[in-house]
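Below, each chain spelled out in residue letters.
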Amino acid sequence: QPRLPAQPVYGGNNWYYTYGQNLTATALLRDSELMAELAGAENNRPWMVLDMGYEADRQGAGPAAHTNSGFPDMPALAAGMKQRGVRPGIWRRPLLTTEKLPESLRLKGKSPGGEPGSEYFLLDPSVPDSLVYVEREIRTLRDWGFEMIKHDYSTYDLFARWGFQMTEDLSGSASHFADRSRTTAEIVLALYTAIRHAAGDALLIGCNTIGHLGAGLFELQRIGDDTSGREWPRTRKMGLNALAFRLPQHGTFFAADADCVPVTAAIPPRLTEQWLDVVSRSGTPLFVSADPAVVGTRERAAIRAAFARSARTQAPGLEPLDWMETTAPQRWRAADRTLVYNWYGVEI
């Protein structure tokens, strides 16, 4: 019984052209205006997600209220985004904080934030008061007026490993949760449930979260590692591969988010256009990271066409055909034809 968005999700995310650097509320409002313009008169309004970089801390640690000087008034920012025609979303790292909390709440032996005396504090979600803290932080974002919350890093923060590093075991560590009467799955599920409860009617995107445990709790789930606004092979390896091989989970577990389409000077336009095209035809969520400095006539036309498709509910049917032959399928069956993409092409 998946918990799915009421309408298709599409719009912007500022990460892959800023990478969290030199962010300001003014720049985000400019990005919001661009997304609203490119969405045109669609009744289903686009989203604009403020990703990591608005926090006072360089690691994205809480508390949420500690924003940097570029973001002096978060409720006013969320209201300003709505006034410009987008729905506001925001990124959060829920388990890491710089607040000095009781040591009984700390997840011991993990990095960062596992050692007493560290400038960071890593919460142990098996401790009830830790979940109270997480809920407070998530509720703050909702109270500011943000309608989508992308929560990230919790798997890495719990196990000090990325997924590809988890081979025969999750963490490779002798450390453990304070509550040893429950399984890891039960404790992680309790964390996700607390986030869901605090978010209220806001949409949730699980990022670096465990998909089958988030099913029914998160409307959206990132299904792959990060794409890139700097090097196309990473987008092909992570985003395209995830879309091709995890597309059957879309609408069954959650809305499957294959990650952003970066629109930057470093990525050849022809490759950007193809990535935009296949994501928008798949019916999965579409987020673009569009650098305003490179969004010209060609880029505007491509994004507008993709947004027009992504804003409307589409019948399922896009399917990779050469998935037994390659990790980056180039031939895809659509409802009325076969689409062929060149993911290895050189821009001329």
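Residues numbered from 1 in each chain as written. Predicted model: local features only at pLDDT ≥ 70, side-chain atom pairs only at ≥ 80, totals over all residues. Heavy atoms only, no water.

Scanning the protein for helices and strands turns up 10 helices and 14 strands. In summary, the protein has a C-alpha radius of gyration of 20 Å against a globular reference of 20 Å for 348 residues, a match within 12%. Going through the 348 residues of the protein one by one, you find that 56% of them count as buried. Across the protein, the fraction of contacts at a sequence separation of at least 24, relative to all contacts at a separation of at least 6, is 70%. When the 37 positive and 40 negative side-chain charges of the protein are each reduced to one mean point, those points stand 3 Å apart. (Helix = DSSP H or I, 4+ residues; strand = E, 2+ residues; numbered from the N terminus. Rg over C-alpha atoms; globule rule 2.2 N^0.38 Å. Buried < 20%, exposed > 50% of the residue type's maximum accessible area, 1.4 Å probe, protein only. Contact = heavy atoms within 4.5 Å. Lys, Arg positive; Asp, Glu negative; His and termini not counted. Charge placed at Lys NZ, Arg CZ, Asp CG, Glu CD.)

On to the pattern of salt bridges, then. When charged atoms on two side chains of opposite charge get close, those side chains can pair. A complete count under the given rule lists 28 salt bridges for this structure. In this structure, Glu147 engages Arg87 in a salt bridge whose closest nitrogen and oxygen atoms are separated by 2.9 Å. Of this pair, Glu147 sits in the loop between helix H4 (128-144) and strand S6 (148-151) while Arg87 sits in strand S3 (residues 87-92), and the two are 60 residues apart along the sequence. Among the charged side chains, a network of salt bridges with common partners joins Arg3, Arg196 and Glu219. (Salt bridge = Lys/Arg side-chain N within 4 Å of Asp/Glu carboxyl O.)

Contact geometry of helix H2 (residues 25-39) with helix H3 (residues 74-83) gives a least axis separation of 9 Å together with a crossing angle of 20 degrees. In this view, H2 runs roughly parallel relative to H3, as classed from their interaxial angle. The crossing of H2 and H3 is right-handed. Along the contact surface, H2 presents Ala25, Leu28, Leu29 and Ser32, while H3 presents Leu77, Gly80 and Met81. When grouped by side-chain class, the residues that make up the contact of H2 with H3 number 5 nonpolar, 2 polar and no charged. (Axes fitted to C-alpha atoms, helices over the stretch in contact; angles between N-to-C directions. Parallel < 35°, antiparallel > 145°, perpendicular 65-115°, else oblique. Left-handed = near helix turned anticlockwise from the far one by under 90°. Nonpolar A, V, L, I, M, F, W, Y, C, P; charged D, E, K, R; others polar.)

Now for the sheet that holds strand S13 (residues 331-333). Spatially, S12-S13-S14 is the arrangement adopted by the 3 strands of the open sheet, whose pairing is antiparallel. The open sheet terminates on both sides in strands that have one partner only, identified here as strand S12 (319-320) and strand S14 (338-340). Relative to S13, S12 is paired through 2 bridges, and the arrangement is antiparallel. Residue pairing across strands places Glu319 opposite Arg333, the latter belonging to S13. (Pairing = 2+ DSSP bridges.)

Inspection of the secondary structure assignment puts Ser118 in the loop between strand S4 (96-97) and strand S5 (121-122). With a relative accessible area of 22%, Ser118 lands in the partly exposed category. Ser118 has contacts with Lys100, Arg106 and Gly113, leaving out every residue within four places of it along the chain. Among the polar contacts listed, one links the side chain of Ser118 to the backbone nitrogen of Tyr120, at a separation of 3.0 Å. (Polar contact = N/O pair within 3.5 Å; in protein donor to acceptor, adjacent residues only side chain to side chain.)

Strands in a sheet are paired, the pairing made by backbone hydrogen bonds, and the direction either parallel or antiparallel. Spatially, the 9 strands line up as an open sheet ordered S9-S8-S7-S6-S3-S2-S1-S11-S10, and their pairing is parallel. Two strands close off the open sheet at either side, each with one partner strand: strand S9 (255-257) and strand S10 (261-263). Across the sheet, the axes of successive neighbouring strands diverge by a mean angle of 25 degrees, strand direction being ignored. With 4 bridges connecting them, S3 and S6 associate as parallel partners. When the sheet's bridge partners are listed, Ile90 is paired in S6 with Ile149. Most of the contacts of helix H9 (residues 269-282) go to S10, to which it runs at about 150 degrees, and overall it touches S10 and strand S11 (286-290).

For the rest of this paragraph, the subject is the nonpolar core. Residues Leu77, Trp275 and Trp332 are the most contacted members of the largest nonpolar core, which totals 91 residues. The residues touching Trp275, leaving out its near neighbours within four places in the chain, are Thr227, Trp232, Thr235, Gly239, Leu240, Leu243, Ala258, Asp259, Cys260, Val261, Pro262 and Trp343. One finds Val9, Trp47, Trp91 and Met148 within the second-largest nonpolar core, a separate group that totals 17 residues. (Core = buried A, V, L, I, M, F, W, Y, C linked by side-chain atoms within 4.5 Å.)

Attention now moves to the pairing of strand S1 (residues 10-13). Of the strand pairs in this sheet, S1 and S11 are connected by 3 bridges, and their pairing is parallel. Looking across to S11, one finds that Gly12 is bridged to Val288. Inspection of the sheet shows S1 paired to strand S2 (residues 47-50) by 3 bridges, in the parallel sense. Looking at the pairing, Asn13 lines up with Val49 of S2.

Just geometry here; none of it tells us what the structure is for.
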